[in-house]
Amino acid sequence: MIVADRKSLEEILEMVEDCKKILIVGCKGCVTVCNVGGVKEVEILSSSLKIARKKAGIEIEIDMHTLERQCDNEYIEQIKETVNDYDAVVSMACGVGPQFLSEMYKDQKFFPALDTTFFGGATEHGVWEERCAGCGTCIIHKYDGLCPVARCAKSLLHGPCGGSSNSACEISKDTECVWDSIVRKKMEQGRLEDLLGVTEARDWRSARDGGPRRSIREELVQGNI
Amino acid sequence: MRLSYPANVKIIQVPCTGRVDIIHLLNAIEDGADGVYVAGCLEGECHYISGNLKARRKVEYVQKTLKELGIEPERVAMYNLSSAQGARFAEIANEVVTKIKELGPTPVTNKKQNNAA
Ligand code: SF4
Ligand code: SF4
């Protein structure tokens, strides 16, 4: 899923400083799963902002609406009747949300309440870790399913580097050296020689380096199948 | 045993403190309560195993939020006592009221003059 963290109340309050009436839009997708932008978190943000504004003596009116997803126009459309009744709209989805909203509703202002961080999963209750960088050409079959692109600080395809120590990366002792894990797994499986080959320099244009990306599924473009 | 507790404490009963949510505590502050506290069973004695432990974590979350907003976090608190401790219940109520009186009225009033202080 896409993982995000909520911005500080201070930052969000600054965004809505001039507003008297706002809408907070949640998302029932990824950000509900990582407990940062679903129904509950929308309520908490709304109440926190109201407390702050009451304290400041400038009350704010806040409505809430949590959509199925904010990355699909069919759901974005569901607020079309009311979206312009507000001074601004705060989105609690990943960075995709405010942009889909902004593209559909040209006359409204949209603010992000979250800092979108990475594609990952929960390694324990309350802890999420990065696993994929969406590089556009998955190569992890070579590394037994572990990704050096997203999880090695240098995205090395032939690792580990000299900074690997006691299974930790040189950037921090709390960061696993994924190359240590890759080598360890190969050794445990008796297939260390898999790593002796040279992996060709890869074409990073399929990643962000090639500019914004697009995915087209011809058969779907032609109609439902 | 007839024990008295301050009349300005309004009790809201829940089946277990696990039922109390962050938003309930925030709403109380938002609606102008000077303070709000959760009185749960003793730790280790929750009928539902961990309701009171979860309540404590929620109280701590709200305290953090209030701090972020420049409001005294002590306005929200968690206490643990057993249902057999009637005297302790009255004592806690008095303790909370005294503490909140020391803090003064809530700053969440929508009156600009509050900020002048
Ligand atoms: S808008 Fe973002 S957070 Fe919501 S479902 Fe889509 S990708 Fe996930
Ligand atoms: S190789 Fe690319 S697509 Fe595959 S897991 Fe790593 S970042 Fe994601």
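Reading guide: rules and limits
Residues numbered from 1 in each chain as written. Chains lettered and ligands numbered in written order. Predicted model: local features only at pLDDT ≥ 70, side-chain atom pairs only at ≥ 80, totals over all residues. Heavy atoms only, no water. Axes fitted to C-alpha atoms, helices over the stretch in contact; angles between N-to-C directions. Helix = DSSP H or I, 4+ residues; strand = E, 2+ residues; numbered from the N terminus. Parallel < 35°, antiparallel > 145°, perpendicular 65-115°, else oblique. Left-handed = near helix turned anticlockwise from the far one by under 90°. Contact = heavy atoms within 4.5 Å. Nonpolar A, V, L, I, M, F, W, Y, C, P; charged D, E, K, R; others polar. Phe/Tyr/Trp six-rings, centres within 6.5 Å; stacked < 30°, edge-to-face > 60°. Buried < 20%, exposed > 50% of the residue type's maximum accessible area, 1.4 Å probe, protein only. Lys NZ or Arg CZ within 6 Å of the ring centre and 35° of its normal. Near = heavy atom within 4 Å.

(A) Quick peek at the packing of helix 3 (residues 39–55) of chain A against helix 1 (residues 22–30) of chain B. At a minimum axis distance of 9 Å, the contact between helix 3 of chain A and helix 1 of chain B shows a crossing angle of 20 degrees. On the basis of the axis angle, helix 3 of chain A is roughly parallel to helix 1 of chain B. Considering only the axes of helix 3 of chain A and helix 1 of chain B, their crossing is left-handed. Between helix 3 of chain A and helix 1 of chain B, the residues in contact are Glu43(A), Ile44(A), Ser47(A), Ser48(A), Lys50(A), Ile51(A) and Lys54(A) and Ile22(B), Ile23(B), Leu26(B), Asn27(B), Ile29(B) and Glu30(B), respectively. A class-by-class count of the residues in the contact of helix 3 of chain A with helix 1 of chain B yields six nonpolar, three polar and four charged.

(B) Main features of the packing of aromatic side chains. Counted by the stated rule, this structure contains four aromatic pairs over all chains. Measuring from centroid to centroid gives 6.5 Å for Tyr105(A) and Phe110(A), while their planes differ by 35 degrees, and the two rings are tilted. Residue Tyr105(A) is classed as buried on the basis of its relative accessible area, which comes to 8%. Residue Phe110(A) is classed as buried on the basis of its relative accessible area of 12%. A centroid spacing of 5.8 Å and a plane angle of 85 degrees characterise the contact between Tyr37(B) and Tyr79(B), whose relative ring orientation is edge-to-face. One end of the pair, Tyr37(B), is in strand 1 (residues 36–40); the other, Tyr79(B), is in strand 2 (residues 76–80), and 42 residues separate them in sequence. For Tyr37(B), a relative accessible area of 19% gives the class buried. Sitting above the plane of the Trp204(A) ring, Arg202(A) keeps its charged end 4.3 Å from the centroid.

(C) Spotlight on the site of ligand 1. What surrounds ligand 1 is the set Ile2(A), Cys27(A), Gly29(A), Cys30(A), Val31(A), Arg69(A), Gln70(A), Cys71(A), Ala93(A) and Cys94(A). Looking at the shell around ligand 1 residue by residue, the classes come out as seven nonpolar, two polar and one charged.

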